[in-house]
Structures are given as structure tokens and as C-alpha cells.
Amino acid sequence: VNNQGLGEKVNLIVVNGKDTLGTTLTNDLGMGSLNVYLNADDSLKVYAEYEDGRRYTVTVPEIYKQGYGVKVNNQNDSKLFAQVNVSDNLVNGEDLYFLVHHLGKVLFVSKQKANKQELAFSMERGELPSGVITITILNSKFEPIVERAIFNFNKATILPLTVSLNKQSFGH
């Protein structure tokens, strides 16, 4: 984000010491994605190279060795998938809740016990509106422990709109 609050195209380089783990070129809005595989002891830096020659270096904070993580698969047309990763010390049989909500309205809730390191949740996409959807994982006390926002596009919510012109040409 530049000093005017707008995204910019940038080339990102993720490194661990002298090893390059991955690179990506964002779109004009500064959005992009990159898959890298990390170890808990990695010391990571991200180099950002802008089209005008500016360069910035960001040291990535230390990776937590324990806790919860969530991975969302937003690519399937009919289902939304999420996987909650649980560190060994938190595999305790406690109830975890998968909550999907939009604009304060709860759309879906599912419950599983934290009895293994990988818990999978899924729901039908047809129930979801278009827009930003929030996925929240709650512990047994209903406290949020992990949250992700995704964008959902539901073709059923497209308004039937037809545009027609009242003449063939509008030039001189």
C-alpha cells in the first residue's frame, strides 16, 4: 500500500538466509499469492521491489511453535473446505467449532473434537451469499482462536440485467 492508501504492483522475494524460497509478482492492486514451505526455525525475510526502483526489506516475525492454524480451500464450486491444524500440545479432545458468518449473521456451524492434528470442515457453497465471508474457529469456551476472511462469489446472486442501446452509433 502506497502513501495514498492504494495498492501497487510489486515483486516479492521470500528468503531464508541465502536460500530463495519463492517469488511472486503481484497484480496492479498489490495482491498476489505464494506458496512456501516453512520450518519453525526458519529466519525469513521478504524483499519488496517496486517498479519505480524502491526496495524494502521486511523481517518476518518468528514462527509460533505451537497453536492453531487454518487453511482454506476456496477453489471448489460446490463446497467450501477448511483444515484446522492443531499443535501436539493442543490435541486434547476439546470441542472446536467451525463458524461461517457474514455481516453478523451466522450461516453455518460445525463441531469437532481436537483429537488429532488435522481437522477438516466443509460446507455447501450454495448457502453462502456473495461477498466477504468470515470463517472463525472457536474453542470449547466459544472464544475465537483462528479467523480467516474469504471472498465468495455466488452466481445465483447475480441480478438478471440486460443492457441495450437506443441507436447504433453515438459518434459524430
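Just so we're clear, the structure is a prediction, and the values are computed from it rather than from any experiment. (Residues numbered from 1 in each chain as written. Predicted model: local features only at pLDDT ≥ 70, side-chain atom pairs only at ≥ 80, totals over all residues. Heavy atoms only, no water.)

1. Re the sheet that holds strand β4 (residues 55-59)
Next up, step 1: Reading across from one edge, β2-β1-β3-β4 is the order of the four strands in this open sheet, with antiparallel pairing throughout. Among the strands making up the open sheet, the edge pair consists of β2 (19-25) and β4. If you compare each strand with its neighbour and ignore which way they point, the axes differ by 20° on average. (Pairing = 2+ DSSP bridges. Helix = DSSP H or I, 4+ residues; strand = E, 2+ residues; numbered from the N terminus. Axes fitted to C-alpha atoms, helices over the stretch in contact; angles between N-to-C directions.)

2. So, the side chain of T134
Next up, step 1: Along the polypeptide, T134 turns up in strand β10 (residues 131-138).
Next up, step 2: Apart from residues lying up to four places away in sequence, T134 is in contact with L99, V100, H101, E147, R148 and A149. (Contact = heavy atoms within 4.5 Å.)

3. Section: the sheet that holds strand β6 (residues 79-86)
Next up, step 1: On the basis of which strands lie adjacent, the open sheet formed by three strands has the order β5-β6-β9 and antiparallel pairing. Looking at which strands have only one partner, the edges of the open sheet turn out to be β5 (68-73) and β9 (118-124). Within this sheet the neighbouring strands show an average axis-to-axis angle of 20°, counted without direction.
Next up, step 2: With seven bridges joining them, β6 and β9 adopt antiparallel strand pairing. Across the sheet, the residue bridging to N85 is E118, located in β9.

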